[in-house]
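So you can see what is in the structure, the chains are spelled out below.
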Amino acid sequence: MSPGPARGRTSAADGGAPRRGPARRWQLVRAGRDAVPPSTRRFMARARQRRMRAALPWAVTAGVLALAGLVAWTVLGTGLFGVREVRVEGTELVTPVQVHDAVGVPDGVPLARVDLTAAARRVGALPAVERATVSRDWPGALVVRVTERTAVAVVPQGEAFALIDRSGVAFRTVERRPADLPQVTVARPAADDPGTRAGLEVLVALTPQLRAELVDVNVAGLARISLRLRGERTVVWGDATRGTDKARVATALLDEDTDRIDVSAPDVVTFR
């Protein structure tokens, strides 16, 4: 910008009074690109790049967090991925309806919020279920895989029979005794009942020959266990200890003409 003529000059024509010159005029002019030195332009460009590089991670992080929040809200807070189906596998003794009711998860509950362990525990509480697992099958199904109990013996219960598994759990009642299952007579069949456990220990120790002749394992007391065999024969077993030795001795005496074999002390055997 250029200043105008100097102000404050005098002239004889106007009696020596000061004469005002032309007013100064200022004008903004945009500097051309060439007005900025190259070194300054390079410095400014590098500064912009540094600012962009510094801001990029924060922008990416904010975007990722926003996306994660949206996904979490969709999965956990809405019914878009809610339970629509409960599929049951491996059941014969229990019905899919019983398993569905035991799972106890209402339709529409977000699948991600289902407590799988608690659901499996509820299904496992069904008498005929030995164990159960529950898993998610996206987008809207629960899969329940059931392993049912296997009967190893029957226990008379009045005019019916309770089926018990290898742990002593009575899980089902039938009107007739299955022909392929041995009978254990005990007052109160249960997994925590010492008499039930003793009777099952004796069953495990029996040889195939004894099992073929077996009618009943009678547990009158923990030290008063006996086997009732076909032909009205009895094997006095005593307690459940030394089962393998007792079974071996009793098997060796099966062909003897006797109706009572006492193997409660297998080292000193008596029979009648």
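The coordinates are above.
What this report covers is the structure whose coordinates are included nearby.

Rules used in this analysis
Residues numbered from 1 in each chain as written. Predicted model: local features only at pLDDT ≥ 70, side-chain atom pairs only at ≥ 80, totals over all residues. Heavy atoms only, no water. Helix = DSSP H or I, 4+ residues; strand = E, 2+ residues; numbered from the N terminus. Buried < 20%, exposed > 50% of the residue type's maximum accessible area, 1.4 Å probe, protein only. Areas by Shrake-Rupley, 256 points an atom, 1.4 Å probe, with all protein chains shown as cover. Pairing = 2+ DSSP bridges. Axes fitted to C-alpha atoms, helices over the stretch in contact; angles between N-to-C directions. Salt bridge = Lys/Arg side-chain N within 4 Å of Asp/Glu carboxyl O. Contact = heavy atoms within 4.5 Å. Parallel < 35°, antiparallel > 145°, perpendicular 65-115°, else oblique. Left-handed = near helix turned anticlockwise from the far one by under 90°. Nonpolar A, V, L, I, M, F, W, Y, C, P; charged D, E, K, R; others polar.

### A closer look at the overall build of the protein chain
- Along its length, the protein chain carries six helices and 14 strands.
- Within the span of the protein chain, comprising 272 residues, buried residues form 33% of the whole.
- For the protein chain, the computed accessible surface area is about 17700 Å², with 55% contributed by carbon and sulfur atoms.

### Topic: the sheet that holds strand E7 (residues 160-164)
- Spatial strand order, E6-E7-E8: three strands in an open sheet with antiparallel pairing. The outermost strands of the open sheet, each flanked by one partner alone, are strand E6 (153-157) and strand E8 (170-174). Across the sheet, the axes of successive neighbouring strands diverge by a mean angle of 30°, strand direction being ignored.

### Comments concerning the pattern of salt bridges
- Scanning the model with the defined rule gives twelve salt bridges in all.
- With a closest N to O distance of 3.8 Å, Glu130 and Arg131 form a salt bridge.
- Two residues, Arg166 and Glu130, come together in a salt bridge whose shortest N-O distance is 3.1 Å. One end of the pair, Arg166, is in the loop between E7 and E8; the other, Glu130, is in strand E4 (residues 129-137), with 36 residues separating them in the sequence.
- Residue Arg166 is classed as exposed on the basis of its relative accessible area, which comes to 63%.
- Through salt bridges with shared partners, a single ionic network connects Arg242, Asp245, Arg248 and Asp267.

### Comments concerning the sheet that holds strand E9 (residues 184-185)
- The sheet built from six strands is open, its strands ordered E9-E10-E11-E12-E13-E14 with mixed pairing. Each edge of the open sheet carries a strand with a single partner, namely E9 and strand E14 (270-271).
- Relative to E14, strand E13 (residues 260-262) is paired through two bridges, and the arrangement is antiparallel. Among the inter-strand pairings, Ile261 is bridged to a residue of E14, identified as Phe271.
- Seen against the sheet, helix H4 (residues 194-205) touches E9, strand E10 (214-219), strand E11 (225-229) and strand E12 (233-238) and runs at an angle of roughly 145° to E10.

### Details of the packing of helix H2 (residues 96-103) against helix H3 (residues 116-124)
- Where H2 contacts H3, the axes come no closer than 8 Å and their chain directions differ by 135°. The orientation of H2 with respect to H3, classified from their angle, is oblique. Like other packed secondary-structure pairs, H2 and H3 cross with a definite hand, here right-handed. Taken together, the residues of H3 that come into contact with H2 (itself represented by Val99, Ala102 and Val103) are Ala119, Arg122 and Val123.
- Taken together, the residues of the contact of H2 with H3 sort by class into five nonpolar, no polar and one charged.

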